[in-house]
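For reference, the chains in residue letters:
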Amino acid sequence: MTGPLRDPRELAAATAADRRAHLVDGLTAVECRRCGACALVRKSSLAQTSIQWTAEAVHRCQAYLASTGCADLHGSIDAAVAAGRLPVHGG
Ligand SMILES: [Zn+2]
């Protein structure tokens, strides 16, 4: 790609694609309330949570552990579910 997008329709399409990226496979971006790192989360049931950490989020979260992720993020996920911001698939 060279130069900026000039056609506003192209810009709108790029923005829409950006938004879709957060919804692929039912993934929702959830922000850690402590560090602000964004992980992609999918809940297939209340008990089952898939979390995809991006390299950037791992870098940003100081509480991140490879085994458990970030405890604060888990709290943020629960809050997002309670607030209706994170859909739970399959009930
Ligand atoms: Zn964190």
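Residues numbered from 1 in each chain as written. Predicted model: local features only at pLDDT ≥ 70, side-chain atom pairs only at ≥ 80, totals over all residues. Heavy atoms only, no water.

**Q** Could you give an account of the coordination of the zinc ion, naming the residues involved and the relevant values?
**A** Summarising the metal site, the zinc ion is bound by the protein donors Cys-32 (SG), Cys-35 (SG), Cys-61 (SG) and Cys-70 (SG), whose distances to it range over 2.4 to 2.5 Å. For the zinc ion, the 4 donor atoms in the first shell make angles of 84 to 176 degrees at the metal, a pattern classed as square planar. We note that the donor set of the zinc ion lies within a single chain, spaced as C-x2-C-x25-C-x8-C. With Cys-35 in the loop between strand 1 (28-31) and strand 2 (38-43) and Cys-70 in the loop between helix 2 (55-60) and helix 3 (71-82), this residue pair connects regions lying 35 residues apart in the sequence. (Donors = N, O, S within 2.8 Å, 3.2 Å for Na, K, Ca; no water. Tetrahedral: all angles 85-135°; square planar, octahedral: opposite > 155°, others 65-115°. Helix = DSSP H or I, 4+ residues; strand = E, 2+ residues; numbered from the N terminus.)

**Q** Give a detailed account of the nonpolar core, specifying residues and quantitative values.
**A** The tendency in soluble globular proteins is for nonpolar side chains to be buried side by side. By size, the foremost hydrophobic cluster in this structure holds 14 residues, and its most contacted members are Trp-53 and Leu-73. Mapped by element, the contributors of at least two residues to this core are strand 2 and helix 3. For this core, the element with the highest residue contribution is helix 3, accounting for 3 residues. Ignoring sequence-local partners within four residues, the contact set of Trp-53 consists of Ala-37, Ala-39, Val-58, Cys-61, Tyr-64, Gly-69, Cys-70 and Leu-73. (Core = buried A, V, L, I, M, F, W, Y, C linked by side-chain atoms within 4.5 Å. Buried < 20%, exposed > 50% of the residue type's maximum accessible area, 1.4 Å probe, protein only. Contact = heavy atoms within 4.5 Å.)

**Q** Kindly report on the pattern of salt bridges, identifying the contributing residues and their values.
**A** Tallying each qualifying case throughout the model produces 1 salt bridge. When the shortest N-O distance is used, the salt bridge between Arg-34 and Asp-72 registers 2.6 Å. With Arg-34 in the loop between strand 1 and strand 2 and Asp-72 in helix 3, this residue pair connects regions lying 38 residues apart in the sequence. The class of Arg-34 is exposed, set by a relative accessible area of 58%. (Salt bridge = Lys/Arg side-chain N within 4 Å of Asp/Glu carboxyl O.)

**Q** Before we move on, can you summarise the environment of Ala-80 with the specific residues and values?
**A** Looking at the secondary structure, you find Ala-80 in helix 3. Put simply, Ala-80 and Val-30 are 50 residues apart on the chain and 7.5 Å apart in space, counted from C-alpha to C-alpha. Excluding its chain neighbours within four sequence positions, the residues that come into contact with Ala-80 are Arg-85 and Leu-86.

**Q** Describe in detail the environment of Glu-31, supporting the description with residues and values.
**A** Relative to the helices and strands, Glu-31 is located in strand 1. Remark: the alpha-carbon pair of Glu-31 and Ala-57, spanning 26 residues in sequence, is separated by 9.3 Å. When near neighbours in sequence (up to four residues on either side) are disregarded, Glu-31 contacts Gly-36, Ala-37, Cys-38, Leu-73 and Ser-76.

**Q** How would you explain the environment of Gly-75 if you had to name every residue and give the values?
**A** The residue Gly-75 is located in helix 3 in this model. Placed 43 residues apart in sequence, Gly-75 and Cys-32 show a C-alpha to C-alpha distance of 8.2 Å.

**Q** Tell me about the sheet that holds strand 3 (residues 49-53), and please be specific about residues and values.
**A** Pairing is antiparallel in the open sheet, where 3 strands are placed in the order 1-2-3. Looking at which strands have only one partner, the edges of the open sheet turn out to be strand 1 and strand 3. Ignoring which end each strand starts from, the neighbouring axes of this sheet average 40 degrees apart. In terms of strand pairing, strand 1 meets strand 2 through 4 bridges, oriented antiparallel. Bridging from a neighbouring strand, Thr-28 pairs with Val-41 of strand 2. (Pairing = 2+ DSSP bridges. Axes fitted to C-alpha atoms, helices over the stretch in contact; angles between N-to-C directions.)

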